[in-house]
Amino acid sequence: MATIDSYSVVTVPLEMLFESTGLGIATGFFWQLENDLFLITNWHNVSGRDPFTGLHISTKTAAEPNKLRIWWNKKDNIGTKFPVEYRIRDSDNNPLWHVHPKYKNQIDVVALPINPPADAEPYPINQIPQDNLLLKIGMDIFVLGYPFITGPSRYPIWKRGSIASEPEVLDQDRPVILIDSASRKGMSGSPVIRRSHGSHSMAGGPAVLSGRTMTKFVGVYSGRLATNDANDPQLGLTWPAIFVEEIVAGGMLDLP
C-alpha cells in the first residue's frame with residue numbers, strides 16, 4: 001500500500017462561484033478550535049477583491065463569489081474527494097467569514113466556519129504533529145496547493161520555494177514573509193510548511209539528530225507580489241501562522 005504524507009491530506013481544492021458561474025480556483029485547509037471547524041483560505045478568494053487596493057480582481061465583471069465549492073476528503077477512502085457547495089454570504093449579502101480582529105481584511109487570510117458532511121474527513125492542520133523548527137532566511141519551504149484544481153489523484157502539488165525575507169522582521173504595513181517561488185493561480189490559500197529530515201535546526205536550541213521527519217506550519221500563501229516588471233522576481237506572499245490563530249480566536253465577521 002502506498003504511503004501518503006500526512007500533510008498531503010490537509011489541503012482541499014476550492015472553486016469560487018457566483019451562483020452556478022465559476023469565478024476561479026484556489027486552495028484551502030482546515031483548523032479546529034474545540035468543537036468548531038474552520039476553512040482557512042485567502043480573503044481575496046472569498047471577497048473577489050484585492051486586499052491592498054479594495055479593487056475587484058476581475059476588472060471586467062466585478063464579480064464577487066457568494067458560494068464556495070469545497071472538494072472534501074472522503075472518509076475511509078484517502079485520496080478520493082467529492083464536492084459540496086456552501087454559501088459564504090447570508091441572505092442580506094453579509095460575509096460569513098471571519099477576519100483578523102486588529103488588521104481586518106488587510107491580512108489576506110480568513111476563517112470560514114464550516115460543517116463537514118458526515119462522509120468527509122477534514123484533517124485540521126493544527127491537529128497534525130508539528131515541531132518547533134528554526135525559520136531563517138534562505139531555508140526551503142513548501143507551498144501545498146492545487147494549481148490545476150485537482151490532480152490525477154487529487155493530492156496537492158508540493159511547490160518548493162525558499163524564505164526570501166527575514167521571517168522575524170515584518171513590515172508593519174504588510175506583515176508578510178516573502179518567499180522565492182514561481183507559482184500558479186489556484187495555489188492561493190495554500191498552507192506553507194517547512195520540512196526537515198535527519199538533522200534538524202530547532203528554534204531556540206541546538207540541532208537535533210532524529211530518524212524521523214519534522215514539520216512546521218509556517219503560514220498561508222496568498223499569491224505573488226504584484227509587479228509590472230518584465231523581469232518579475234517571482235516573490236510570493238506568506239502570512240505568518242500566528243494570524244490564523246488570532247483570526248479563529250477573534251471570531252470577528254467581515255464587513256459587507
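Above this text sits the structure in question.
The structure displayed is predicted, hence computed values, not measured ones.

> Please explain the overall build of the protein chain as it appears in this structure.
A count of helical and extended segments in the protein chain gives two helices and 16 strands. Whereas a compact globule of 256 residues would reach a radius of gyration of roughly 18 Å, the protein chain reaches 18 Å, a difference of no more than 12%. In terms of overall dimensions, the protein chain has C-alpha extents of about 55 × 45 × 35 Å along its principal axes. In the protein chain, which comprises 256 residues, the share counted as buried stands at 48%. For the protein chain, long-range pairs separated by at least 24 residues make up 64% of all intrachain contacts whose partners lie at least 6 apart in sequence. Only carbon and sulfur atoms are counted for the fraction: they give 52% of the accessible area of the protein chain, which is about 12,500 Å².

> Before we go on, may I ask you to explain the pattern of salt bridges in this structure?
Any two side chains of opposite charge can pair if their charged atoms end up close together. Inspection of the entire model under this criterion finds eleven salt bridges. In this structure, the salt-bridge partner of D5 is R195, at a minimum N-O distance of 2.8 Å. With D5 in the segment before strand 1 (11-18) and R195 in strand 11 (residues 191-196), this pair connects stretches of sequence that are 190 residues apart. Exposure remark for D5: the relative accessible area of 28% places this residue in the partly exposed category. The exposure class of R195 is buried, given its relative accessible area of 14%. Across the pair E19 and K67 runs a salt bridge, and its minimum N-O distance is 3.6 Å. Residue E19 is found in the loop between strand 1 and strand 2 (21-33), and its partner K67 is found in strand 4 (residues 67-73); the two are separated by 48 residues along the sequence. Residue class for E19 comes out partly exposed when judged on its relative accessible area of 30%. K67 gets classed as buried once you look at its relative accessible area, which sits at 15%. Linked through salt bridges whose partners overlap, the residues forming this network are E15, E19, K67, R69, E85 and R87.

> Looking at this model, I keep getting lost on helix 2 (residues 242-250). Mind explaining?
Because each turn of an α-helix spans 3.6 residues, side chains separated by three or four positions end up pointing in the same direction. Those residues of helix 2 not exposed but buried are F243, V244, I247 and V248. Projected down its long axis, helix 2 shows its buried positions confined to an angular sector of 130°, all on one face. Against strand 2, strand 3 (36-41), strand 6 (98-99), strand 7 (110-113), strand 14 (214-224) and strand 15 (235-240) lie the buried residues of helix 2. One or two steps after helix 2, the chain reaches G251, where phi turns positive at roughly 60°.

> Please explain the side chain of R194 as it appears in this structure.
The topology assignment puts R194 in strand 11. One buried charged residue, R194, forms no salt bridge at all, with the nearest opposite charge on D140 at 8.0 Å. Of the polar contacts made by the side chain of R194, one reaches the backbone oxygen of L134; its length is 2.7 Å. With sequence-adjacent residues up to four places away left out, R194 is seen in contact with L133, L134, L135, M139, D140, I141, S201, M214, T215, K216 and V218.

Cut-offs applied
Residues numbered from 1 in each chain as written. Predicted model: local features only at pLDDT ≥ 70, side-chain atom pairs only at ≥ 80, totals over all residues. Heavy atoms only, no water. Helix = DSSP H or I, 4+ residues; strand = E, 2+ residues; numbered from the N terminus. Rg over C-alpha atoms; globule rule 2.2 N^0.38 Å. Buried < 20%, exposed > 50% of the residue type's maximum accessible area, 1.4 Å probe, protein only. Contact = heavy atoms within 4.5 Å. Areas by Shrake-Rupley, 256 points an atom, 1.4 Å probe, with all protein chains shown as cover. Salt bridge = Lys/Arg side-chain N within 4 Å of Asp/Glu carboxyl O. Arc of directions from axis to C-beta. Lys, Arg positive; Asp, Glu negative; His and termini not counted. Polar contact = N/O pair within 3.5 Å; in protein donor to acceptor, adjacent residues only side chain to side chain.

Shape is all these values report; function is a separate question.
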